[in-house]
Every structure is written in C-alpha cells, then in structure tokens.
Amino acid sequence: MAESKNFAFCTINPNIGKVACPDARLDNIAKIIKPNKIVYPFATFVDIAGLIEGASDGVGLGNQFLSSVERVAVIMHVVRCFDLPNIQHVYNETDPIRDIKIIRSELIQKDLQKLVGLRKGGKNLNLDIKNINDHRKLVDQVTDFLKECKETGTNVATKLDPLLKAKIEPFNLISIKPVLHILNIDEDSIPNGNEYTKSAKEWLDAENSASIDLCVKLEKDIQDLEPVDKKEIMDFYGLEDSKISDMIQKTFVLRGTQVYYTFGKTEARAWEIPRGYTAKECAGKIHSDLKEGFIRAKLWDYEQFVASKGKLKETVVRGDYVAKDGDMFEFVSKI
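Residues numbered from 1 in each chain as written. Predicted model: local features only at pLDDT ≥ 70, side-chain atom pairs only at ≥ 80, totals over all residues. Heavy atoms only, no water.

Our focus in this paragraph is the sheet that holds strand 8 (residues 267-274). Pairing is mixed across the open sheet formed by six strands, whose spatial order is 2-8-7-11-9-10. If you trace the sheet from one side to the other, it starts and ends with strand 2 (37-39) and strand 10 (315-317), each paired once. Pairs of neighbouring strands in the sheet enclose a mean axial angle of 30 degrees, with direction left out of account. By the bridge criterion, seven bridges tie strand 7 (residues 257-263) to strand 8 in an arrangement that is antiparallel. Across the sheet, Phe263 pairs through a bridge with Ala268, a residue of strand 8. Sheet strands touched by helix 10 (residues 244-255): strand 7 and strand 8. Its angle to strand 7, the strand with the most contacts, is close to 120 degrees. Most of the contacts of helix 11 (residues 279-286) go to strand 11 (residues 328-333), to which it runs at about 85 degrees, and overall it touches strand 7, strand 8, strand 9 (294-300), strand 10 and strand 11. (Pairing = 2+ DSSP bridges. Helix = DSSP H or I, 4+ residues; strand = E, 2+ residues; numbered from the N terminus. Axes fitted to C-alpha atoms, helices over the stretch in contact; angles between N-to-C directions. Contact = heavy atoms within 4.5 Å.)

Rendered as structure tokens:
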C-alpha cells in the first residue's frame, strides 16, 4: 500500500506495484465451474504525488514526477471531490474542474518543452527522420494544437485526430495519453456522488472524457476485509461490490484492450488482449504452439453461459473469428 499523508509531496519516489485486477465476470464463471485456481489479469500501476501549477518547470517535485508519467499507457488522475477541513488542499478550496485543467496544462507545457528539442531534429530520440522540413512542419502542427488545448483546458487525447496521433506516436508525448478521471468522493457521497462530481462529470462527458466516482478511503478500508465483513459494508453504502473492478475495466477500454476467458477444473483465467484479435491470435496469447497448430476454437458467450449456469452448448469458430470482450474459449490445436 502506497503511503498517504495529510500534506503535499509525502510521496518522494514513485510507488510501483504489479497487482491482480479484480474481474467480476471471472468470479461468476468460477462460481459455476468451481476450478482449483482463479488467475486474474495483471496490471502495473505507478503512483506519484499530486502535481501542482508550475510542475512542468520544476515546482514541487514536478520534473521528477512527470518523467514517470512518460512510461505509462493510461493516466489515472485522482481528483478531489469532497470538502473535509482536516484534509489539506494545496489551493484551500475544492474545485475539480480547475484541478483537472491545471494538470492538463502542466502535461501540455512539458510536451511543448520537449517539442522545442524535437524540432531541431531529435537526434537523441531515435527518430527516423527522412525529411527534416516535413518533420518540422509536423512538430509545428502539433505545437499549435497543444497550445490551443492548453488555452481552452481541453483533453488532448479526446480531441486529437487519430491519424495525427499515429504520426506522432514516436514522440512519446504525455498529454496525448488517455486519461481516466477518478472523482474521489467522501463516504457521505456514496453511492450517488455530490455537486462536485455532477458538475465535473457533466463537463467531462461533454468532451467525451472518461471518469468514475470512487471513494478512495472506502476502497482502502475494505481491501483486506473478509468477504462477509466486506459485503456488510457494501450493503450499508448501497453498493454491489468494490468499484475497483469497474475502474480497471475502464482502463482496459482506454488502452484499447479487452479480456477473454479460458476455463476448466484446473483453472479459470482471464487473458488481456488488444481489441481486434482473432481466435487464432488469442490462442497464441497462451502459447505460440497453440497458434501455430490452430484447428478451431470452441466459443461460449459469457452472458448466455452464466444465465444457463454453465449448460450452454459451445459454438465452433475458425481462426479468423474476431474475439469480443468477454468471450470464453477452448482451443483445439494439432500441436
């Protein structure tokens, strides 16, 4: 568990953890199959301290933290959406939209600084530059776009044209990374949120930005509880389960990935794959031999499988079948 204190910059170095991702669908499959083992997908999380205005220029521990952001696939921005006098806020008042805009501005400013160097040629960044004039035009185009987003407080990731994004992928800019805004509420605002989350979600939804209401304190309090005690607390707050599973699923969507399942008496397992994978490619995720010797796959629809309590008859699909999120497979291979 990362350290958390009631003052700014209690986190000096990033906390890095590889954790199993809760998966309610896998749990439901396991209740029916009763396997000996359940294997959840894993994800690596990098926890850094909150950034403040001026972080891109080194205010606080900004440059150190921002360099950590360069290595992640999805940014999870925890946004304060509660009023508690005993919990400090660096600006002494709660304003989630202001806080989101500040972070966006700092990420963009860091990228603008990087683009200055890139315009000179980027020789130290291993870029394959065939025409320096075309390269500089591209850098100038991105620079103008980022300046516009900084001025308006816009989410770069949702406004960026996909074709332009593909062209600048080698630049490894942090402001173009997808963002999940975690609207951190207090216990009194469970389960329906509050005025802060309502205004923030309305603003975020209007620009197609991802968000989720979540009480970080509650999630921390229940993580080590026995299932019976956890359920009692969830029932008290009117929740079916922890919202961490929902949060993880949203990060899968933002990363462009999805999950398929394999199951049997030995184990039930979730496999994370890129969207668009075929059945044959899914088999290769388990072992290259399964892909090489692929013959066919047995397929079950998750919803129908659970509804039938495991009695659903399989469908046989070929290797070019494009997997859907939640598909359940058994692969047949000649190897």
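This next bit is on the nonpolar core. In this structure, Ile29, Leu180, Ile182, Met247, Tyr261 and Met328 are the most contacted members of the largest nonpolar core, which totals 21 residues. Every element with two or more residues in this core is listed here: helix 1 (24-33), strand 5 (179-184), strand 6 (210-214), helix 10, strand 7, strand 8 and helix 13 (302-307). Once residues lying within four places of it in the same chain are set aside, the contact partners of Ile182 are Met76, His77, Val78, Val79, Ile212, Leu214 and Met247. In this structure, Ile108, Val139, Ile168 and Ile176 belong to the second largest nonpolar core, which totals 17 residues. (Core = buried A, V, L, I, M, F, W, Y, C linked by side-chain atoms within 4.5 Å. Buried < 20%, exposed > 50% of the residue type's maximum accessible area, 1.4 Å probe, protein only.)

This part is about the sheet that holds strand 4 (residues 75-80). Spatially, 4-5-6 is the arrangement adopted by the three strands of the open sheet, whose pairing is parallel. Bordering the open sheet on either side are strand 4 and strand 6, each of which pairs with just one other strand. Ignoring which end each strand starts from, the neighbouring axes of this sheet average 25 degrees apart. Taken together, the five bridges between strand 5 and strand 6 define a ladder with parallel strand orientation. If you follow Leu183 over to strand 6, its bridge partner there is Asp213. Strand contacts of helix 3 (residues 96-119): strand 4 and strand 5, with the helix running at about 145 degrees to strand 4, the strand carrying the most contacts. Sitting on the sheet, helix 10 is in contact with strand 4, strand 5 and strand 6, with an inclination near 170 degrees to strand 6.

The next thing to look at is unusual backbone geometry. Both trends apply: most residues other than glycine have a negative phi, and most peptide bonds are in trans. In this model, Ile190 is joined to Pro191 through a cis peptide bond whose omega is 5 degrees. Phi is positive for Lys34, which is not a glycine, with a value near 55 degrees. Position of Lys34 relative to the elements: it lies in the loop between helix 1 and strand 2. Taking the relative accessible area as the measure of exposure, Lys34 reaches 58% and is therefore exposed.

In this section: the pattern of salt bridges. Scanning all chains against the criterion turns up 17 salt bridges. With its nearest N and O atoms 2.2 Å apart, the salt bridge here joins Arg255 to Glu272. Here Arg255 is found in helix 10, whereas its partner Glu272 is found in strand 8, with 17 residues between them in sequence. The salt bridge partner of Lys324 is Asp327, with a shortest N-O separation of 3.8 Å. Residue class for Lys324 comes out partly exposed when judged on its relative accessible area of 45%. Looking at Asp327, the relative accessible area reads 2%, which means it is buried. One continuous salt-bridge network, built from bridges that share partners, spans Lys37, Glu267 and Arg269. (Salt bridge = Lys/Arg side-chain N within 4 Å of Asp/Glu carboxyl O.)

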